[in-house]
Amino acid sequence: MRKVYLDHATTTPLLPEVREAMLPYLGEAFGNPSCIHEWGDAARETMETARTQVAQLIGANTDEVIFTGSGTESNNFAIKGLALAQQNKGKHIVASAIEHFSVLHSAKTLEKWGFELSLVPVDKYGMVDPEDVRKSLRKDTVLVSIMHANSEVGTIEPIQEIAKITKESNAVFHTDAVAAAGTIPVDVKGLGVDALSLAGNQFYGPKGVGALWVRKGVRIIPFLDGGVQERGRRAGTENVPAIAGLGKAAELAEASMTARTEHLTQLRDRLLTELPAAIDHVVVTGHPQHRLPGNASFCVEFIEGEAMLMLLNSQGVAVTSGSACTSRALKASHVLIAIGLPHALAQGSLLFSFGIDNIFQDVDYVLEVLPPIVDRLRQMSPLYAKFTRENKGGK
Amino acid sequence: MPIYSEKVMDHFMNPRNVGEIENPDGMGEVGNPICGDMMTFFIKVKDNRLEDVKFKTFGCGAAIAVSSMVSEMAKGKTLEEAMKITPRSVADELEGLPKQKFHCSNLGAQALNKAIQDYLGRKKKAKGGKQ
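Residues numbered from 1 in each chain as written. Chains lettered and ligands numbered in written order. Predicted model: local features only at pLDDT ≥ 70, side-chain atom pairs only at ≥ 80, totals over all residues. Heavy atoms only, no water.

Novice: Run through the overall build of chain B, naming residues and quoting values.
Specialist: A tally of helices and strands in chain B yields 5 helices and 3 strands. Moving toward the C terminus, one meets the helices and strands of chain B in the order α-β-β-β-α-α-α-α. A globule of 131 residues ought to have a C-alpha radius of gyration of about 14 Å, and chain B, at 15 Å, matches this closely. Seen through its principal axes, chain B has C-alpha atoms that stretch 60 × 30 × 25 Å. For chain B, buried positions account for 50% of its 131 residues. Of the roughly 6,400 Å² that chain B leaves accessible, carbon and sulfur atoms contribute 52%. Across chain B, the 20 positively charged side chains and the 17 negatively charged ones have centroids separated by 6 Å. (Helix = DSSP H or I, 4+ residues; strand = E, 2+ residues; numbered from the N terminus. Rg over C-alpha atoms; globule rule 2.2 N^0.38 Å. Buried < 20%, exposed > 50% of the residue type's maximum accessible area, 1.4 Å probe, protein only. Areas by Shrake-Rupley, 256 points an atom, 1.4 Å probe, with all protein chains shown as cover. Lys, Arg positive; Asp, Glu negative; His and termini not counted. Charge placed at Lys NZ, Arg CZ, Asp CG, Glu CD.)

Novice: Mind laying out the pattern of salt bridges, listing which residues take part and the relevant values?
Specialist: Evaluated as defined, the whole model comprises 25 salt bridges over all chains. The partner of A:Lys135 in a salt bridge is A:Asp132, and the shortest N-O contact between them spans 3.5 Å. On the criterion of helical spacing, the pair formed by A:Lys135 and A:Asp132 is a turn pair, its members being 3 residues apart in helix H5 (residues 130-136). Among the residues examined, A:Lys135 registers a relative accessible area of 66% and is labelled exposed. Taking the relative accessible area as the measure of exposure, A:Asp132 reaches 22% and is therefore partly exposed. Here B:Arg88 makes a salt bridge to B:Asp92, at a shortest N to O gap of 3.5 Å. (Salt bridge = Lys/Arg side-chain N within 4 Å of Asp/Glu carboxyl O.)

Novice: Please provide a residue-by-residue account of the sheet that holds strand E1 (residues 26-32) of chain B, values included.
Specialist: Pairing in this open sheet of 3 strands is antiparallel, and the strands run E1-E2-E3 (chain B) from one edge to the other. Two strands lie at the open edges of the sheet, namely E1 and strand E3 (49-58) of chain B, each paired on one side alone. In this sheet, adjacent strand axes meet at a mean angle of 15° when their direction is disregarded. Across the sheet, helix H13 (residues 382-390) of chain A is in contact with strand E2 (37-46) and E3 of chain B; its angle to E3(B) comes to roughly 85°. Its contacts with the sheet place helix H2 (residues 61-74) of chain B against E2 and E3 of chain B, and it is angled at close to 175° to E3(B). (Pairing = 2+ DSSP bridges. Axes fitted to C-alpha atoms, helices over the stretch in contact; angles between N-to-C directions. Contact = heavy atoms within 4.5 Å.)

Novice: So what's going on with empty space enclosed by the protein? Residues and values would help.
Specialist: All names here are of chain A. With the rule as written, the count across this model stands at 3 cavities of 30 Å³ or more. Quantified by volume, the largest cavity comes out at close to 250 Å³. Lining of the largest cavity is provided by 20 residues; of these, Ala179, Thr183, Gln202, Leu264 and Phe354 occupy positions nearest its centre. Ranked by residue count, the leading element in the lining of the largest cavity is helix H8 (residues 240-278), at 4 residues. Along the lines of polarity and charge, the residues of the lining of the largest cavity split into 9 nonpolar, 10 polar and 1 charged. (1 Å grid on protein atoms, 1.4 Å probe; cavity = no way out; pocket = protein on both sides within 12 Å on 5 of 7 lines; lining within 4 Å. Points joined across faces, edges and corners; volume = space filled by probe spheres on them. Nonpolar A, V, L, I, M, F, W, Y, C, P; charged D, E, K, R; others polar.)

Novice: How would you sum up the interface of chain A and chain B? Please name residues and give values.
Specialist: When the parts come together, some accessible area is lost, and that loss is often what is quoted as the size of the interface. In this complex, chain A contributes 24 residues to the contact, which on the side of chain B involves 27 residues. Overall, the association of chain A and chain B removes approximately 2,000 Å² of surface from exposure, summing both partners, and the carbon and sulfur fraction of that is 68%. For the pair chain A and chain B, the number of links is 2 salt bridges. B:Glu20 serves as the salt-bridge partner of A:Arg389, at 3.6 Å between the closest nitrogen and oxygen. In this assembly, chain A and chain B are joined by 7 residue pairs in polar contact (both at pLDDT 80 or more). Mapped onto the side of chain A that touches chain B, the elements with two or more residues apiece are helix H9 (305-314), helix H11 (343-346), helix H12 (360-380) and H13 of chain A. With 5 residues, the top contributor of residues to the side of chain A that touches chain B is H9(A). Looking at the side of chain A that touches chain B, its residues break down into 14 nonpolar, 5 polar and 5 charged. (Buried area = accessible area lost by both parts, 1.4 Å probe. Polar contact = N/O pair within 3.5 Å; in protein donor to acceptor, adjacent residues only side chain to side chain.)

Novice: Could you give an account of the sheet that holds strand E7 (residues 195-199) of chain A, with specific residues and numbers?
Specialist: All names here are of chain A. An order of E2-E8-E7-E6-E5-E3-E4 is seen for the 7 strands of this open sheet, with the pairing classed as mixed. Among the strands making up the open sheet, the edge pair consists of strand E2 (65-68) and strand E4 (116-120). When the angles between neighbouring strand axes are averaged without regard to direction, this sheet yields 20°. Both E2 and strand E8 (residues 210-214) contribute to a ladder of 4 bridges, which runs antiparallel. Paired with phenylalanine 67 across the strands is alanine 211, a residue of E8.

Novice: Explain the nonpolar core residue by residue, including any values.
Specialist: If you look at soluble globular proteins, the nonpolar side chains tend to sit buried side by side. One finds A:Leu271, A:Phe352, A:Leu370, B:Leu50 and B:Leu112 to be the most contacted residues of the largest nonpolar core, which totals 70 residues. Tallying contributions element by element places H12(A) first for this core, with 10 residues. Grouped together as the second largest cluster of nonpolar side chains are 64 residues, A:Met22, A:Val133, A:Phe173 and A:Leu198 included. (Core = buried A, V, L, I, M, F, W, Y, C linked by side-chain atoms within 4.5 Å.)

Novice: Describe in detail helix H3 (residues 71-85) of chain A, supporting the description with residues and values.
Specialist: Here H3(A) spans 20 Å end to end across 15 residues, near enough to the 21 Å set by a 1.5 Å rise per residue. In terms of residue burial, H3(A) counts as a mostly covered element, since 13 of its 15 residues are buried. (Expected span 1.5 Å × (residues − 1).)

Novice: Describe the packing of helix H2 (residues 38-57) of chain A against H8(A), with residues and values.
Specialist: All names here are of chain A. Viewed as axis vectors pointing N to C, H2 and H8 meet at an angle of 35°, and their least axial separation amounts to 8 Å. The way H2 lies across H8 gives a crossing that is left-handed. In contact with Ala43, Thr46, Met47, Ala50, Gln53, Val54, Gln56 and Leu57 of H2, H8 contributes Val240, Ile243, Ala244, Leu246, Gly247, Lys248, Ala250, Glu251, Ala253, Glu254 and Met257. Here the contact of H2 with H8 is built from residues that sort into 12 nonpolar, 4 polar and 3 charged. (Left-handed = near helix turned anticlockwise from the far one by under 90°.)

Novice: Quick rundown of unusual backbone geometry? Include the residues and the values.
Specialist: Positive phi is not limited to glycine here, since A:Glu230 has a value of about 50°. Turning to its location among the elements, A:Glu230 is positioned in the loop between E8 and H8. One non-glycine residue, B:Asp47, lies in the positive phi region at around 50°. With respect to the helices, strands and loops of the structure, B:Asp47 is situated in the loop between E2 and E3.

Novice: Before we move on, can you summarise the packing of aromatic side chains with the specific residues and values?
Specialist: Residues and elements named next belong to chain A. Counted according to the given criterion, the structure contains 6 aromatic pairs over all chains. Between phenylalanine 298 and phenylalanine 352, the ring centres sit 5.9 Å apart and the planes meet at 75°, which makes this aromatic pair edge-to-face. Of the two residues, phenylalanine 298 sits in strand E10 (residues 295-300) while phenylalanine 352 sits in strand E12 (residues 349-353), which places them 54 residues apart along the sequence. When the ring of phenylalanine 302 is compared with that of phenylalanine 387, the centres are 4.7 Å apart and the planes differ by 35°; the resulting orientation is tilted. On the criterion of sequence distance, the pair formed by phenylalanine 302 in the loop between E10 and H9 and phenylalanine 387 in helix H13 is long-range, its members being 85 residues apart. Given a relative accessible area of 10%, phenylalanine 302 falls into the buried group. Linked through ring pairs, Phe302, Tyr384 and Phe387 together constitute an aromatic cluster. The ring of phenylalanine 115 has lysine 91 lying over it, and the distance from NZ or CZ to the ring centre is 5.4 Å. (Phe/Tyr/Trp six-rings, centres within 6.5 Å; stacked < 30°, edge-to-face > 60°. Lys NZ or Arg CZ within 6 Å of the ring centre and 35° of its normal.)

This is the structure we're talking about:
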């Protein structure tokens, strides 16, 4: 059976070159970068090369990059560490309603610690209006966190415009660029942000490694206390093989971004156009233009996402869904609810995220196997039965 | 490791008794699309036995498998026997359900029960009308 992996928003495969770059550090080059002998020197050198590679990907200075254990850790570190470091100036923070849970739940934790949180809404495309950010700012606002791009609906946010607004305030501006960095051009200086999160497994690097960039001069409270690794801001022996892989992945992403984007955009646009043509009552979610190159997200009416996902899986196609049933919390995706979709429609969410190994035949295969799956589930659906009864003779 | 048992997968991939019964003797609907699952059961009763059971379900793999299993367990049973079907017995027949799915998706027995109550209510009404 054909196998088609279309779940790159969740994680990407490791590139062979990245794996090669990691292997020595899983073998003979096992040293601890804190040590001042030969083994330590080798590990440290690799780590600093990786730091430069990551810095170059985002247009940052090398010594401003802190390695972490994941995108989630970077976001926790940023939200809690930046807010706590500025709390003498105020205890108000701002985030968008569609942030990743690692940002939203960190912000909720800060609420428990006495901070106030304002959530900025998004429009039906998942886009933040910079003016809404301006309106939410107060004298005591110390941190604004708006994601660069949303992986669920693919929308790319107007970060530069928001940064211009936050610059006029006392607030530090963090952006969660986990879905963006390594996929679309990200330049911290051009964007005008103060802190930025990224993760390796979003751009063909290893899992379990991420980075937080914090502009020089911006204070942050260390996330893990212990030794002086990462200049005392993130203690713990570094994951050298993963960091080496992250660096290599960053280098490759920067070098091939234009070619990757061109390829992914073609695949994405084909599915975005042809799926709604092949299946009635399908809604495209996310912004029509400002969206991640590999993201094609939909809601299919009258049926539920997990059932579609399972039947697609039985045909060799791997996708993901924001339906309540696929989440452990059993709630429909907060992103889909924030863009104003009714719950029933949000349950029919399907997210296709393309990667560099996908080909046009993969899109054709989806267009071949999905319509009968939708048809089959609709024949089972009481909502579809109700719809067809009510619209009988209507057309 | 797959999250669903082979039995659940079998009932999900090949659900039994999907559909509606025209002029059913009883109908029961439970759940709503907000929580993700919604089930409608239709029954035909003859001599106090469930001659036919059909269902329509909006929901995840577990919800569809549960509906299918309930319809299979109920078919041919007397009303009293069918009313003894519980979420627990359905989950057992399916060789287990994931913990987080037990409550939200396991509405089949409740929907069937509602259909039977609907039938009993109609019967009572019809009798009352005759008197």
